[in-house]
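# Tertiary structure, described
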Number of protein chains: 2
Amino acid sequence: MGAEGSSGPVAILAGSGEFPLLLADRLAAAGRETRILAFRGFASRAVRARADASVGLLDAKGTLSWLERCGPDCVTLAGGLRRPDPGALLDAYSALRSRAELRAILARGDDNLLRAAIGLLEERGFRLVGLTDLAPELLAPAGALGTRVPDEASLGSVRIGMELLRKLSSFDVGQAAVLAGDRVLAIEGPEGTDRMLARARALRRRGFLRRPERGGVLVKAPKEGQDLRVDLPAIGPRTMVNAARAGLSGVAVASGLSVVLDRAETVRMADRLGLFLFGAAGRGT
Amino acid sequence: MGAEGSSGPVAILAGSGEFPLLLADRLAAAGRETRILAFRGFASRAVRARADASVGLLDAKGTLSWLERCGPDCVTLAGGLRRPDPGALLDAYSALRSRAELRAILARGDDNLLRAAIGLLEERGFRLVGLTDLAPELLAPAGALGTRVPDEASLGSVRIGMELLRKLSSFDVGQAAVLAGDRVLAIEGPEGTDRMLARARALRRRGFLRRPERGGVLVKAPKEGQDLRVDLPAIGPRTMVNAARAGLSGVAVASGLSVVLDRAETVRMADRLGLFLFGAAGRGT
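Counting restarts for each chain, with residues numbered from 1 along the sequence as it is written. Throughout, the order in which chains and ligands are written sets their labels, letters from A for the former and numbers from 1 for the latter. Local features in this predicted model are restricted to residues whose pLDDT is 70 or higher, and side-chain atom pairs enter the listing and the counts only when it is 80 or higher, whereas totals over whole chains, interfaces and linings include all residues. As a rule here, side-chain values cover all heavy atoms of the structure and leave hydrogens and water aside.

An unreviewed UniProt entry lists chain A under the name UDP-2,3-diacylglucosamine diphosphatase LpxI, with Enterovirga aerilata given as the organism.

## Topic: the overall build of chain A
In this description a helix means any DSSP run of H or I spanning at least four residues, a strand means any run of E spanning at least two, and both kinds are numbered starting from the N terminus. Looking only at helices and strands, one finds 11 helices and 12 strands in chain A. Between buried and exposed lies partly exposed: a residue is buried under 20% and exposed over 50% of the maximum accessible area for its type, with that area taken using a 1.4 Å probe on protein chains only. For chain A, the residues scored as buried account for 56% of the 285 residues in total. The contact rule is simple, with two residues in contact once any of their heavy atoms fall within 4.5 Å. If you take every contact in chain A between residues at least 6 apart in sequence, the share linking residues at least 24 apart comes to 75%. Total accessible area on chain A stands at roughly 11,600 Å², and carbon and sulfur atoms take up 49% of it. Here the open area of atoms and residues is found with the Shrake-Rupley method and a 1.4 Å probe, where only the protein chains shown may cover a residue.

## A few points about the packing of helix α9 (residues 193–205) of chain B against helix α10 (residues 237–245) of chain B
Residues and elements named next belong to chain B. To get an axis, fit a line to the C-alpha atoms, keeping to the stretch in contact for a helix; angles then go from 0 to 180 degrees between the N-to-C directions. Direction vectors running N to C along α9 and α10 enclose 15 degrees, while the axes themselves pass 8 Å from each other. As the angle between them shows, α9 and α10 are arranged roughly parallel. In the packing of α9 onto α10, the handedness of the crossing is left-handed. Residue-level inspection shows T193, D194, L197 and R201 of α9 in contact with α10, the latter providing R238, T239, N242, A243 and R245. Throughout this entry, Asp, Glu, Lys and Arg are counted as charged residues, while Ala, Val, Leu, Ile, Met, Phe, Trp, Tyr, Cys and Pro are counted as nonpolar. The remaining residues, Gly among them, count as polar. Looking at the contact of α9 with α10, its residues break down into two nonpolar, three polar and four charged. Roughly parallel here means an angle under 35 degrees, roughly antiparallel means over 145, roughly perpendicular means 65 to 115, and every remaining angle is called oblique. Should the near helix be turned anticlockwise from the far one by less than a right angle, the crossing is left-handed, and should it be turned clockwise, the crossing is right-handed.

## Quick look at the nonpolar core
The nonpolar core is taken to be a set of buried Ala, Val, Leu, Ile, Met, Phe, Trp, Tyr and Cys residues, with the residues joined through side-chain atoms within 4.5 Å. Ranked by internal contacts, the top residues of the largest apolar core, which has 40 residues, are L164, L168 and I187 of chain A together with L164, L168 and I187 of chain B. Other than its neighbours up to four places away in sequence, L168 of chain A contacts V173, I187 and K223 of chain A together with L164, L168 and I187 of chain B.

## A few points about the pattern of salt bridges
In the sections that follow, a salt bridge refers to a side-chain nitrogen of Lys or Arg positioned within 4 Å of a carboxyl oxygen of Asp or Glu. Counted according to the given criterion, the structure contains 22 salt bridges over all chains. A salt bridge links D25 of chain B to R50 of chain B, with the nearest nitrogen and oxygen atoms 3.0 Å apart. Here R50 of chain B lies in helix α2 (residues 45–50) and D25 of chain B lies in helix α1 (residues 19–29), a separation of 25 residues in the sequence. Classification of D25 of chain B by relative accessible area gives partly exposed; the value is 42%. Within the structure, one salt-bridge network assembled from shared partners comprises R32, D73 and R127 of chain A.

## Brief notes about the environment of E18 of chain B
Residue and element names in this part refer to chain B. Within the secondary structure, E18 sits in the loop between β1 (10–14) and α1. Once the C-alpha coordinates of E18 and L261 are considered, the two residues, 243 residues apart in sequence, prove to be 8.1 Å apart. When near neighbours in sequence (up to four residues on either side) are disregarded, E18 contacts S44, A46 and V47. Two N or O atoms count as a polar contact when they lie within 3.5 Å, although within protein this holds only if one can serve as hydrogen donor and the other as acceptor, and sequence-adjacent residues are included solely when both atoms are side-chain atoms. Reaching out from E18, the side chain makes a polar contact with the side chain of S44 at a distance of 3.1 Å.

## As for the environment of L155 of chain A
All names here are of chain A. Mapped onto the fold, L155 is located in helix α8 (residues 152–167). Considering only alpha carbons, one finds L155 and A252, 97 residues apart in sequence, at a separation of 9.1 Å. Contacts of L155, omitting those with residues within four sequence positions, involve P150 and F278.

## Structural notes on the confidence of the model for chain A
Interpretation of the predicted coordinates at a detailed level should be avoided for regions scoring low in pLDDT. What pLDDT conveys is the predictor's confidence in a given residue, as a value from 0 to 100. Looking at chain A, the pLDDT average stands at 84 and 80% of residues meet or exceed 70. A low-confidence stretch, residues 84–92 of chain A (pLDDT under 50), is modelled with 21 contacts involving residues beyond four sequence positions or located in other chains.

## Observations concerning the packing of helix α10 (residues 237–245) of chain A against helix α11 (residues 263–273) of chain A
Packed helices, taken two at a time, are described by the angle between their axes plus the distance between the axes. Residue and element names in this part refer to chain A. One can describe the packing of α10 onto α11 by two numbers: an axis separation of 8 Å at closest approach and a directional angle of 20 degrees. Relative to α11, α10 is oriented roughly parallel. At the point where α10 passes α11, the crossing takes the right-handed sense. On α11, the residues that touch P237, M240, V241 and A244 of α10 are E265, T266, M269, A270 and L273. For the contact of α10 with α11, the residue count by class is seven nonpolar, one polar and one charged.

## As for the side chain of K223 of chain B
Residue and element names in this part refer to chain B. Within the secondary structure, K223 is located in the loop between β8 (217–220) and β9 (234–235). Judged by its relative accessible area of 7%, K223 is buried. Here the side chain of K223 touches F171 through a polar contact of 2.7 Å, landing on its backbone oxygen. For K223, the side chain forms a polar contact with the main-chain oxygen of V173, separated by 2.6 Å.

See below:
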């Protein structure tokens, strides 16, 4: 069972957002054949409309039998699979694994769930690949992406933010933070980046910030030691809008380790809103 | 100027909450003479009613001249001085320090502001003391304070939470987090513990949690290397109410390094709400 061999399509397991289509288009442009499996409850209407098939919310059985019919060269996870409800994995995997093992997995966090899902695919002989292999051009490059460039103070905040996220790597917590000067305004939890930015905005509105903190930076980076084939931090046009609403000066992501959804539009939005968008040197990995 | 010598009253510089009165009562019961200076904008009506004097929002000039008249044996900071608006320090200190120096301080965080305030008092010859010296009985003891005892899973969350806060010590960020199982649901920013608990409550309501995460723990501890004379993490009856609303199983604080405001009432509330209240072994300090 499973699929071996070097021909066959790229199977895209599609979660939320428009990224699965972006990736499919990119792969098609590069002459690769693709198949899309949409996860209902995660995949958007547009993704479902273009998908070759769809299965219930992370239905592991359905996924595996679709993959076996599809016979892909490799499999990739695209789009959000953590939210809205990673707990939905429970129902899917309970058919496949012992309840005791499941309970042990579920007592742990999102990271462990994703690791379990990957393990299951690989056990069945599928080759899981990430963007680094498939479409590295979708990853954030180093340096300024738009016209704005971060000033020294912002670069200081970026450095502290990257160090903070690195120290948080061993904990099951978000991959983003908002800093102003040396101060950490918010660390992302399961609520996601947009809600965290709303929190930073509320802090500003309620007057929690001091004058030199008018600016501020959103910093995103994957955990150290994370499996880079899944769940890379992503930003897009909406991130720019929410960062601007929170009064930030810009956004920094780990270069080569973060996805920029629709780069042209994201950069245009950053420029229009007066934000810098910066690929910070990847960590020494 | 300043006050030397071993007699004289204990000068209590009173911030927000009822803790300044609790401390004054405790010191009076122990036969110590006290004087209270209330910071307007922070100190409650009850505190201001009993204060010997009050000054504007962290008015450094007024504070120093009051202290010089008062001639205290020692000075202590009691009650919240970080919130509602630590930025108010700006106006107070701008009269005393150069604007360039101020700007440098303000570009840094709350921790640095408090350090600057302490430095100023000590420069003027006042002896600043903390609860460890004045009233160690107000600090959380080790072990369970109420009738409930944390189970193994909760103790696991407490251990992870303490380790998380330790790793965050070098960053200017909150002193509290909420965990469920291995997962970090929220890390406290400038918004404070009550708002962070409201966030954990919202995550639960929106279905972000999995079944084994029904419980959860609020963990509070000071930063490693923090000046323990100021701004120790504090809990009180309201913390218990908000923790229960967030669906948590209990609250853990660093024993000997955290203040329990109104212990009798806090423990009664924890017992009534079915929460454990636990003093976790202080860090190896």
